[in-house]
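# Structure assessment
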Amino acid sequence: MSKKNVKQEEKNGKKKAKLADERFKITVGMVFIAFSVLLILAFISYLFTWKTDQSFEWHKVFSNPDYRVDNWSGKAGAWLANLFLNQWFGLASFSVPFMFLLIGLRLMRVRINSVGRILRITIISTILLSIWLGYIFNSAQGFLGSGPGGRHGLYVSEWLIAFAGKIGALLILLVFTMALIIFSFHKAFIYLVSLINKILSLLIHAFVKASERKQDDITHQPQEEETEDDDDMVFETEFPLHEPQGITNSHTIKTDDTKEEDVELTVSQPGENGNHDDELPAYDQLEDYDPTLDLPHFQMPPIEMLAKYETDNPNVSNEELISNKNKIVETLSNYKIQIDKIKATIGPTVTLYEIVPAPGIRISKIKSLEDDIALSLAALGIRIIAPMPGKGTIGIEVPNQNPETVSMRSVLSSRKFQECNYDLAIALGKTISNETYVFDLAKMPHLLVAGATGQGKSVGLNCIITSLLYKKHPSQLKFVLIDPKKVELTLYSKLEKHYLAKIPDSEEAIITDTHKVIYTLNSLTIEMDQRYDLLKKAGVRNIKEYNHKFIKRQLNPEKGHRYLPYIVVIVDEFADLIMTAGKEVETPLARLAQLARAIGIHLVIATQRPTTNIITGVIKANFPARIAFRVTSMIDSRTILDAPGANQLIGRGDMLFAPGSDMIRLQCAFIDIPEIESLTDFISFQQGFPTALYLPEYVDENASDLVEADLSKKDSLFFEAARLVVLHQQGSTSLIQRKFSIGYNRAGRIMDQLEAAGIVGPPDGSKPRQVFYSDEHSLEQYLNTLK
């Protein structure tokens, strides 16, 4: 290189250093702020002095010191104000001082997010507003000289009117304005659309209900007159609770207080033979059942709600690759180990160097040099894989000097995740070859997550939840969130009426109390047993086959069948539960882990204390899929993975995933708290179910606080509840709670009164209470004695 070129590079380097100097940036920022103040004063003054300021010949004004202007910012201010407000953009030019102020503050190190985006939106809005002002105030050309929109707004609006007419120009401006709003304020636009959909659906629902009520009044009017003449009583019961699509039940019971033999029971159900013109088709002849129609207007969250994370140096430089390669070869040659070939694969945080040793070299010899290679590279987290599974090479993983942040948006928007058809697809992060890693939780079927504090465990759980939220409709998936630490999963409490399931007497959507955790896990075992009974009746082996038959109308809801959503149970700190509850938690959890796979209940448990008294043999045997973030010792790594390696990770989301016998090193995707808040707000703002999904009742046989019900103080809903349980032949507290929209405690007291009255039997574990009355007629005779 010549001396001239060297001097030129030194000169360029000095210029760059000067521009990078903080003092220079602050000085320039102060100039921009001062200029913005000068402009805003000039613009405001011009609103009052524009007639005078426009009368000058500006080439004479600047050259002749005798010229005087009335503008607050002097000649320069008058000239700039006339240029922007008259000749250019009119009143829309008031955005120009704002842009200079924004740039000045940013140069002075004031933290302002998305400056470039704000500037782009402001420039486009200025141009568009100028045209709008020219279009609206086309006749007010005297103001500011060319009108409120300036010459730009005036000329463009006149051209549009001449081109497309007055209405056509209006439509063009509306389209461009809506496009600007959609692309600039995407989240606000989505919220607005969701709000409109919600309001419209509520109005339509209210209108339909009012129409049905009016039609029912017209239809039943003759019947009511006949009833009054005959002195009969008519009880009509409808079934609004979770009625399957295409099913209508109508039960009419007539009773005569004086003549028992006149009692008539008429039951009309679809599929019966008859000559009715409006008879419904048989259930198996209806169109396929669609569970998403329970929330037909629900919109999946857009990918754009998640943030992008740009790193300054996302790639590994050639200098770093060559330096690491030479150090590896040199270190091995010091121990007389020759290398025939070496290849590098660059990942987001780790680079994999695959080496092929010369013939006769023992693998164990290279494996023993792990610490020596780490010393020569001056790097932590060196891991040697000898040999590489399925390859004739030895792998050496070396952390990158400038690791890349893997955003949740990048993995969810990947083609691999978007096009996968897994039942429970989870995008966990990126592999060492920079590919998005997606797996199916339904095939794992349960997941054990462990790692030291602050190594990315909670972020990993958020990635699992977020992946499922982007793939499943609320009718297809429910979460049971257990958070003994009470702070990690509270962000998801907003999803209670969309995605969460809980026991009926739980007021909080996120389960934090240890006793509630025990009840919830036992309630899940009851749900598991009930689902297995349904699978047995349907003659299928798993939830996928069962739901397929239900969707195809091959399983009748009148026989107890129902659509089964997947249930994902997430426990954030398992160690705390084991320490406080022990076997009371471990027993139902182990039973779920052993049996719940086939019926769609999957467990994800996490702990920051991967010790043998926490992760017991029973737990490990039923959790074949495991995720290990960085831990402090090799013993902890062996406890989680049955192998070392987790103690050699570098932290910050670096993890080992063992879906089976193999281990994969991944960089976990990162999702921040504001992203989760935005996601949960978007979902919770939409119409949801009336309540969370209630799990079956669990009655603790060892509970000693049972109180005998007092029938002298019967609840006001006692008689209606009695008719309800007899009609359904099911003594369920949650049924009473949902039907009458009351709290669980009150529904429980009513159930205790029904038991004391001899209408239902005592609780019998996972089985429903026995109902002692088979028809409403006999029940009514008994209830008359209690009035």
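Further up the page is the structure itself.
The text that follows walks through the structure, step by step, so that each part is easy to find.

### A few points about the packing of helix H23 (residues 718–728) against helix H24 (residues 733–740)
The interhelical angle for the contact between H23 and H24, taken along N-to-C directions, is 120°, at an axis separation of 11 Å. By the criterion of interaxial angle, the relationship of H23 to H24 is oblique. Like other packed secondary-structure pairs, H23 and H24 cross with a definite hand, here right-handed. When H23 is examined against H24, the residues Glu720, Ala721, Leu724, Val725 and His728 are found in contact with a partner set consisting of Leu735, Ile736, Lys739 and Phe740. Among the residues forming the contact of H23 with H24, the class breakdown is six nonpolar, one polar and two charged.

### Considering unusual backbone geometry
Residue Pro445 is reached from Met444 by a cis peptide bond, and omega for that bond is 0°. Within the secondary structure layout, Pro445 lies in the loop between strand S9 (436–440) and strand S10 (447–450). Phi angles above zero are rare outside glycine, and Lys486 is one such case at about 70°. Within the secondary structure, Lys486 is located in the loop between strand S11 (477–482) and helix H15 (496–499). Residues other than glycine seldom take positive phi values, yet Arg553 does so here, at roughly 65°.

### Comments concerning empty space enclosed by the protein
Under the counting rule described, the total for this entry stands at two cavities of 30 Å³ or more. Forming the walls of the second largest cavity are Pro348, Thr349, Val350, Lys430, Thr431, Ile432, Asp654, Arg665, Leu666 and Gln667. When residues of the lining of the second largest cavity are traced back to their parent elements, those giving at least two are strand S8 (425–431) and strand S17 (664–668). Here the element with the most residues in the lining of the second largest cavity is S17; it accounts for three residues.

### Digging into the sheet that holds strand S16 (residues 654–658)
The strands making up a sheet associate through backbone hydrogen bonding, with each pair oriented either parallel or antiparallel. One open sheet accounts for nine strands, arranged S9-S8-S17-S16-S15-S10-S14-S13-S11; its pairing is mixed. Every interior strand has two partners, whereas the edge strands, S9 and S11, have only one. Ignoring strand direction, the axes of neighbouring strands in this sheet form an average angle of 30°. Packed on one face of the sheet, helix H14 (residues 457–469) meets S8, S10, S11, strand S13 (566–571), strand S14 (601–607), strand S15 (625–629) and S17 and runs near 130° to S8.

### Focus on the pattern of salt bridges
Counted under the stated rule, the structure contains 21 salt bridges. Between Lys485 and Asp572 there is a salt bridge, and its shortest N-O distance comes to 3.6 Å. Highlighted residues: Lys485 in the loop between S11 and H15 and Asp572 in the loop between S13 and helix H18 (574–581), separated in sequence by 87 residues. Relative accessible area serves as the criterion here: at 30%, Lys485 is assigned to the partly exposed category. Between Arg665 and Asp654 there is a salt bridge, with its nearest N and O atoms 2.5 Å apart. A residue pair is termed long-range when its members are at least 10 positions apart, and Arg665 in strand S17 and Asp654 in strand S16 qualify at eleven residues. Comparing Arg665 with Asp654 shows no difference in burial state: the two are buried.

### Quick notes on the packing of H18 against helix H19 (residues 583–595)
With their axes 7 Å apart at the nearest point, H18 and H19 run at an angle of 120° to one another. Regarding the angle of H18 to H19, the classification is oblique. The segment H18 lies against H19, with Phe574, Leu577, Ile578 and Ala581 engaging Lys583, Glu584, Val585, Glu586 and Leu589. Split by residue class, the contact of H18 with H19 holds six nonpolar, no polar and three charged.

### Overview of the nonpolar core
Within soluble globular proteins, side chains that are nonpolar generally end up buried alongside one another. Ranked by size, the top nonpolar core spans 104 residues in total, and within it Leu447 and Phe479 carry the most contacts. When residues in this core are grouped by element, the largest group, eight residues, is from helix H16 (residues 514–538). If sequence neighbours within four positions are ignored, Leu447 has contacts with Phe439, Leu441, Ile464, Leu603, Val604, Ile605, Phe623, Ala625, Arg626, Ile627 and Phe657. Phe718, Val726, Val760 and Tyr773 belong to the second largest nonpolar core, which has 23 residues in total.

### Let's talk about helix H21 (residues 634–641)
Among all positions in H21, only Asp636, Ser637, Thr639, Ile640 and Leu641 are buried. Projected down its long axis, H21 carries its buried residues within an arc of 165°, all on one side. Considering only its buried residues, H21 is in contact with S10, helix H20 (617–622), S15 and S16. Once H21 ends, the next one or two residues include Asp642, with phi positive near 60°.

### A look at a nonpolar patch on the surface
Taken together, the side chains of Ile196, Ile199, Leu200, Leu203, Ile204, Phe207 and Val208 make up a nonpolar region of the molecular surface, amounting to roughly 670 Å² of accessible area. Along the chain, Leu203 turns up in helix H8 (residues 186–230).

### A short note on the environment of Ala78
Turning to its location among the elements, Ala78 is positioned in helix H4 (residues 74–88). Each C-alpha atom, one on Ala78 and one on Phe43, is 8.2 Å from the other, the two residues being 35 residues apart in sequence.

### Side note on the sheet that holds strand S4 (residues 339–346)
Across the sheet, four strands lie side by side as S4-S5-S7-S6; this open sheet has antiparallel pairing. Edge positions in the sheet fall to S4 and strand S6 (383–385), since each of these pairs with one other strand and no more. In this sheet, neighbouring strand axes are inclined to one another by 20° on average, regardless of whether the strands run parallel or antiparallel. Direction of pairing for strand S5 (residues 350–357) relative to strand S7 (residues 394–399): antiparallel, over a ladder of six bridges. For Ile355, the partnering residue across the bridge sits in S7 and is Ile394. Along the sheet, helix H9 (residues 318–334) contacts S4, S5 and S7; its crossing angle with S5, the most-contacted strand, is approximately 40°.

Basis of the calculations
- All chains use their own residue numbering, which begins from 1 and follows the written sequence.
- Side-chain atom pairs in this predicted model are given and counted only at pLDDT of 80 or more, local residue features only at pLDDT of at least 70, and totals for whole chains, interfaces and linings cover all residues.
- Note that water and hydrogens are dropped before the side-chain values are worked out from all heavy atoms of the structure.
- Interaxial angles span 0 to 180 degrees and are taken between N-to-C directions of axes, which are lines fitted to C-alpha atoms, for helices over the stretch in contact.
- Here a helix means four or more residues in a row that DSSP labels H or I, a strand means two or more in a row labelled E, and each is numbered from the N terminus.
- The labels follow the angle: roughly parallel below 35 degrees, roughly antiparallel above 145, roughly perpendicular from 65 to 115, and oblique for the rest.
- Throughout, a crossing is termed right-handed when the near helix is turned clockwise from the far one, and left-handed when it is turned anticlockwise from it by less than a right angle.
- In what follows, a contact means two residues having at least one pair of non-hydrogen atoms within 4.5 Å.
- Side-chain classes are defined by residue name, with Ala, Val, Leu, Ile, Met, Phe, Trp, Tyr, Cys and Pro counting as nonpolar, Asp, Glu, Lys and Arg as charged, and the others, Gly among them, as polar.
- Whether a set of points on the 1 Å grid over the protein atoms alone is a cavity depends on a 1.4 Å probe fitting there but being unable to get out, while an open set qualifies as a pocket with protein on both sides within 12 Å along at least five of seven lines; lining residues are those with an atom within 4 Å of a point.
- Grid points are joined across faces, edges and corners, and a volume is the space filled by probe spheres set on the points.
- The pairing criterion is simple: DSSP has to find at least two bridges between the two strands.
- We define a salt bridge as a contact between a side-chain nitrogen of Lys or Arg and a carboxyl oxygen of Asp or Glu at a distance within 4 Å.
- Burial here depends on accessible area, computed with a 1.4 Å probe over protein chains only, as a share of the maximum for the residue type. Under 20% is buried, over 50% is exposed, and the range in between is partly exposed.
- Residues belong to one nonpolar core when they are buried, are Ala, Val, Leu, Ile, Met, Phe, Trp, Tyr or Cys, and are joined through side-chain atoms within 4.5 Å.
- Relevant arc is that of directions from the helix axis to the C-beta atoms, nothing else.
- Two joining distances apply to patches: 9 Å for like charges and 5 Å for nonpolar side chains (Val, Leu, Ile, Met, Phe, Trp, Tyr), and every residue must have over 30% relative accessible area and no salt bridge.
- Values of accessible area rely on a 1.4 Å probe in the Shrake-Rupley scheme; residue burial ignores everything except the protein chains shown.

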